[in-house]
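Observations on the model geometry
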Amino acid sequence: HGIDVNYVGHPLLDAFKDLDSRKIESEKPIIAILPGSRKQEIATSLPIMMEVAKSFENYQFIIAGAPSISQDFYRHITQDSYIPILSNQTHALLKECKAAIVTSGTATLEAAILKVPQVVCYKTSSISYFLAKLVVKVKYIALVNLICDKEVVKELIQNDFNVDNLVNELNRILNKKNKTHIHSDYERMISLIGDEGASQRAAQAINLI
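Read on for a plain summary of the structure.

The rules we used
- Residues numbered from 1 in each chain as written.
- Predicted model: local features only at pLDDT ≥ 70, side-chain atom pairs only at ≥ 80, totals over all residues.
- Heavy atoms only, no water.
- Helix = DSSP H or I, 4+ residues; strand = E, 2+ residues; numbered from the N terminus.
- Buried < 20%, exposed > 50% of the residue type's maximum accessible area, 1.4 Å probe, protein only.
- Areas by Shrake-Rupley, 256 points an atom, 1.4 Å probe, with all protein chains shown as cover.
- Phe/Tyr/Trp six-rings, centres within 6.5 Å; stacked < 30°, edge-to-face > 60°.
- Pairing = 2+ DSSP bridges.
- Right-handed = clockwise from strand over helix to strand, strands pointing away.
- Axes fitted to C-alpha atoms, helices over the stretch in contact; angles between N-to-C directions.
- Parallel < 35°, antiparallel > 145°, perpendicular 65-115°, else oblique.
- Left-handed = near helix turned anticlockwise from the far one by under 90°.
- Contact = heavy atoms within 4.5 Å.
- Nonpolar A, V, L, I, M, F, W, Y, C, P; charged D, E, K, R; others polar.

Quick look at the overall build of the protein now. The number of helices and strands found in the protein is ten helices and six strands. In the protein, which comprises 209 residues, the proportion classed as buried is 42%. With an accessible surface of roughly 12,100 Å², the protein has 51% of that area assigned to carbon and sulfur atoms.

Quick look at the structure:
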């Protein structure tokens, strides 16, 4: 028997419709670091992401701090690094940056909707990754790639998530020649997830049940 399904779209499109206009000041173009929202993934990813900044002295790297994580936790990892941390301003940061390094999750979708070239990274323990591969059979981990069923954004997973690979991929997506192609793929992804008004359509669908 079939199940009646009413696809209403993705509410993130509504969230960005009224994105505030506050500006993030920087003398250099910005590269955003989005190391995740859980302490373990931040502790694993952030040191590698920060190391990359040494190869991009003409850019200002800024860390997007998750609302649930204290500045002290980030500073314990960043130590005396010059890289600033902006808590609870991820959307504003994405709106201003030239590229982003993103730990896999909803943030990859947010960056794509805001047309930000990105590299998606993910690393966990060998055992956890092995078990996940046994249970979950998907070609990609990034939501953008899963939706489009192709590698729209580069995924650096496990041992591939290292400084050299990340430097190479950042250089690639910062190249203006690739910008049109990236935007075209993002436009296709946005068309696949629907139009604005998802939250309103969801409410209407519930009322009809």
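Having seen it, we continue.
Think of a pair of aromatic rings as described by two things: how far the centres are apart, and how the planes are tilted against each other in angle. Throughout the structure, instances matching the rule amount to three aromatic pairs. Aromatic pair Phe56 and Tyr59: ring centres 6.3 Å apart, planes at 75°, arrangement edge-to-face. Each ring, one from Phe73 and one from Tyr74, has its centre 6.3 Å from the other, and the planes form 80°; the classification is edge-to-face. Owing to a relative accessible area of 18%, Phe73 belongs among the buried residues under this scheme. Members of the aromatic cluster, connected to one another through ring pairs, are Phe56, Tyr59 and Phe61.

Now for the pairing of strand E4 (residues 99-103). Taken across its five residues, E4 has five buried, putting it largely inside the fold. Neither face of E4 is open: one carries Ala99, Ile101 and Thr103, the other Ala100 and Val102, and all of them are buried. Two elements, strand E1 (residues 30-34) and E4, share four bridges in a ladder whose sense is parallel. Across the sheet, residue Ala32 finds its bridge partner in E4, namely Ala100. Two elements, E4 and strand E5 (residues 118-122), share four bridges in a ladder whose sense is parallel. Across the sheet, the residue bridging to Ile101 is Val119, located in E5. Handedness of the E4-helix H5 (residues 106-113)-E5 crossover: right-handed.

Attention now moves to the packing of helix H2 (residues 39-52) against helix H3 (residues 71-78). Between H2 and H3, the least distance of the axes is 10 Å, while the angle of their chain directions is 45°. Regarding the angle of H2 to H3, the classification is oblique. Crossing handedness for the pair H2 and H3: right-handed. When H2 is examined against H3, the residues Lys39, Ile42, Ala43, Leu46, Pro47 and Met50 are found in contact with a partner set consisting of Phe73, Tyr74, Ile77 and Thr78. Here the contact of H2 with H3 is built from residues that sort into eight nonpolar, one polar and one charged.

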